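Residue-level listing of the chains:
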Amino acid sequence: MADSEGLNRTTIHIAGNDYTIVGTESPEHVREVGLLVDTKIREIRDQAPQLDVRQIAVLAALNIGSDYVKIKKNLGEI
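Note that the coordinates shown come from a computational prediction; the quantities given were computed from them, not determined experimentally.

### A look at the packing of helix α1 (residues 27-47) against helix α2 (residues 53-74)
Interaxial distance between α1 and α2 falls to 9 Å at its minimum, and their mutual angle equals 120°. The orientation of α1 with respect to α2, classified from their angle, is oblique. As for how α1 packs across α2, the hand of that crossing is right-handed. Touching L36, V37, K40, I41, I44 and R45 of α1 are I56, L59, A60, N63, I64 and D67, all from α2. Of the residues that constitute the contact of α1 with α2, the class distribution is 8 nonpolar, 1 polar and 3 charged.

So, how was this worked out
- By convention here, each chain's residues receive numbers from 1 onward along its written sequence.
- Totals for whole chains, interfaces and linings use all residues, but because this is a predicted model, local features are given only for residues with pLDDT of at least 70 and pairs of side-chain atoms are given and counted only at 80 or more.
- Side-chain calculation: all heavy atoms of the structure are included, whereas hydrogens and water are not.
- Every axis in this analysis is a line fitted to C-alpha atoms, fitted for helices over the stretch in contact. Angles between the N-to-C directions lie between 0 and 180 degrees.
- Helix and strand definitions follow DSSP, with helices as H or I runs of at least four residues and strands as E runs of at least two, each counted in order from the N terminus.
- Should an angle lie under 35 degrees it is considered roughly parallel, over 145 roughly antiparallel, and from 65 to 115 roughly perpendicular; all remaining angles are considered oblique.
- Crossings are classed by handedness, with left-handed meaning an anticlockwise turn of the near helix from the far one by less than a right angle and right-handed meaning a clockwise turn.
- In what follows, a contact means two residues having at least one pair of non-hydrogen atoms within 4.5 Å.
- Polar here means any residue outside two lists: the nonpolar Ala, Val, Leu, Ile, Met, Phe, Trp, Tyr, Cys and Pro, and the charged Asp, Glu, Lys and Arg; Gly therefore counts as polar.

Laid out in structure tokens, this is it:
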């Protein structure tokens with residue numbers, strides 16, 4: 001639900017932690033993005049359990065960023 005300033009507060013669960021995200025995106029969008037991030041982190045953690053949380057987060061960001069760039073290129077936007 002949006003507050004008086006039009007901002008939504010959405011709590012998501014990523015890698016065992018809860019995060020409250022405040023912004024203009026819909027709660028559904030925020031939950032979908034949170035699920036994407038959580039899924040990617042779990043995939044990497046399962047494949048490389050020796051890595052620490054920071055390393056896993058960086059690899060997850062690189063994987064998601066790579067997917068984003070590929071999609072942008074396929075759409076002719078880059």
